Amino acid sequence: LLHLLALFCWLVAVDYATATSSFGLASRASLLKLRGGGDGHVRPNLPFTLAIRDSIMIAHSFHGHPSFGPAGGLHGATYTVDVEFASEALHPECNWVIDIGLASDLVADVLKKYNYQNLDVVFGKKIMTTTEFMCKEIHTRVVERLREKRQSEDGSDDNDFRGWVKVTLFESHKAWASFDGPAL
């Protein structure tokens, strides 16, 4: 135990690059690449957030794939959906991240495509509609709606949100998934 504590103190005290090369440890960037991370998709420091919570009830299957066990067959789920809008600063005149009414309507509009639907029908029989997949799908639709809103504006920048969007789907109080990215 003392040897491990000494090693830990040494790692903290010396240059991390030296420590990783000396022991053959992978760098954080190379570890992230194991699952596709480390490609510059890093959320900037965005201290202001506004979140909208909604829910959807869906049916889906994982097409009998053995990795999903009993969930491989058709089953239902109720997701609590959080969509978080984050920005570096508040709007200079309105003091908001995004208009809460606009954000609420936008999220509800995106979710109605999936609510009370069988996702096997919505996406086709070969798509594994995991919670992670649905986070990305909802994120993509929210960003598309933000772009549409921006393009249809009359020159006003009151609702011109250009921050970061994070979508979280809660399967239960024990399990959830998220996807986040820029709203460009």
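Residues numbered from 1 in each chain as written. Predicted model: local features only at pLDDT ≥ 70, side-chain atom pairs only at ≥ 80, totals over all residues. Heavy atoms only, no water.

Asks: Please provide a residue-by-residue account of the side chain of Thr-129, values included.
Replies: Checked against the element boundaries, Thr-129 lands in the loop between helix H5 (119-123) and helix H6 (131-152). Within the structure, the side chain of Thr-129 is placed 2.8 Å from the side chain of His-60, a separation counted as a polar contact. Filtering out sequence-adjacent residues up to four positions away, Thr-129 remains in contact with His-60, Ser-61, Phe-62, Tyr-79, Leu-119, Phe-123 and Met-134. (Helix = DSSP H or I, 4+ residues; strand = E, 2+ residues; numbered from the N terminus. Polar contact = N/O pair within 3.5 Å; in protein donor to acceptor, adjacent residues only side chain to side chain. Contact = heavy atoms within 4.5 Å.)

Asks: Describe in detail the nonpolar core, supporting the description with residues and values.
Replies: Phe-85, Ile-98, Tyr-114, Ile-138, Val-142, Leu-146 and Val-165 are the most contacted members of the largest nonpolar core, which totals 31 residues. Of all the secondary structure elements, the ones that give two or more residues to this core are strand S1 (48-60), strand S2 (75-87), helix H4 (100-111), H5, H6 and strand S4 (164-170). (Core = buried A, V, L, I, M, F, W, Y, C linked by side-chain atoms within 4.5 Å. Buried < 20%, exposed > 50% of the residue type's maximum accessible area, 1.4 Å probe, protein only.)

Asks: Pulling in residues and values, what's your account of the pairing of S4?
Replies: Most of S4 is tucked away: 5 of the 7 residues are buried. Of the pairings in the sheet, the one linking S2 to S4 comprises 7 bridges and is antiparallel in character. Of the residues in S4, the one forming a bridge with Ala-86 is Trp-164. Taken together, the 7 bridges between S4 and strand S5 (residues 176-182) define a ladder with antiparallel strand orientation. Opposite Trp-164, over in S5, you have Pro-182 as the bridge partner. Counting the residues between successive antiparallel strands, the hairpin from S4 to S5 contains 5 residues. (Pairing = 2+ DSSP bridges.)

Asks: A description of H6 should follow, citing residues and the corresponding values.
Replies: For H6, spanning 22 residues, the distance from its first C-alpha to its last is 32 Å, which sits close to the expected 32 Å at 1.5 Å a residue. For H6, the set of buried residues is Thr-131, Met-134, Cys-135, Glu-137, Ile-138, His-139, Val-142, Val-143, Leu-146 and Arg-150. Those residues of H6 hidden inside the fold are in contact with S2, H4, H5, S4 and S5. (Expected span 1.5 Å × (residues − 1).)

Asks: Which residues make up the pairing of S1, and what values go with them?
Replies: The pairing of S1 with S2 spans 13 bridges and is antiparallel. What sits directly across from Ile-58, in S2, is Ala-77. Pairing of S1 with strand S3 (residues 117-118) involves 2 bridges; the strand directions are parallel. If you follow Ile-58 over to S3, its bridge partner there is Gln-117.

Asks: I'd like to hear about the pattern of salt bridges, residue by residue, with values.
Replies: One pass over the full model with this rule turns up 6 salt bridges. With its nearest N and O atoms 2.6 Å apart, the salt bridge here joins Asp-82 to Arg-53. Taken together, the positions of Asp-82 in strand S2 and Arg-53 in strand S1 put the pair 29 residues apart, joining distant regions of the chain. Across the pair Glu-137 and Arg-141 runs a salt bridge, and its minimum N-O distance is 2.6 Å. With Glu-137 and Arg-141 both in helix H6 and 4 residues apart, the pair spans about one turn of that helix. The exposure class of Glu-137 is buried, given its relative accessible area of 11%. Taken together, the shared-partner salt bridges connect Asp-109, Lys-112, Arg-145 and Glu-148 into one network. (Salt bridge = Lys/Arg side-chain N within 4 Å of Asp/Glu carboxyl O.)

Asks: Explain H4 residue by residue, including any values.
Replies: Over its 12 residues, H4 extends 16 Å from the first C-alpha to the last, a length consistent with the 16 Å expected when each residue adds 1.5 Å. Of all the residues in H4, the buried ones are Leu-102, Ala-103, Leu-106, Val-107, Val-110 and Leu-111. The buried side chains of H4 occupy one side of the element, clustering within an arc of 155° when seen end-on. Those residues of H4 that are buried lie in contact with S1, S2 and H6. The N-cap residue of H4 is Asp-99: its side-chain oxygen and the backbone nitrogen of Gly-101 are 2.8 Å apart. (Arc of directions from axis to C-beta.)

Asks: Could you give me a rundown of the packing of H4 against H6, with the residues and numbers involved?
Replies: Remark: H4 packs on H6, axes separated minimally by 10 Å, with the N-to-C direction vectors making an angle of 130°. Comparing the axis directions of H4 and H6 gives the class oblique. In this structure, the crossing between H4 and H6 has a hand that is right-handed. Where H4 abuts H6, its residues Leu-102, Leu-106, Asp-109, Val-110 and Leu-111 lie against Ile-138, Arg-141, Val-142, Arg-145, Leu-146 and Lys-149. (Axes fitted to C-alpha atoms, helices over the stretch in contact; angles between N-to-C directions. Parallel < 35°, antiparallel > 145°, perpendicular 65-115°, else oblique. Left-handed = near helix turned anticlockwise from the far one by under 90°.)

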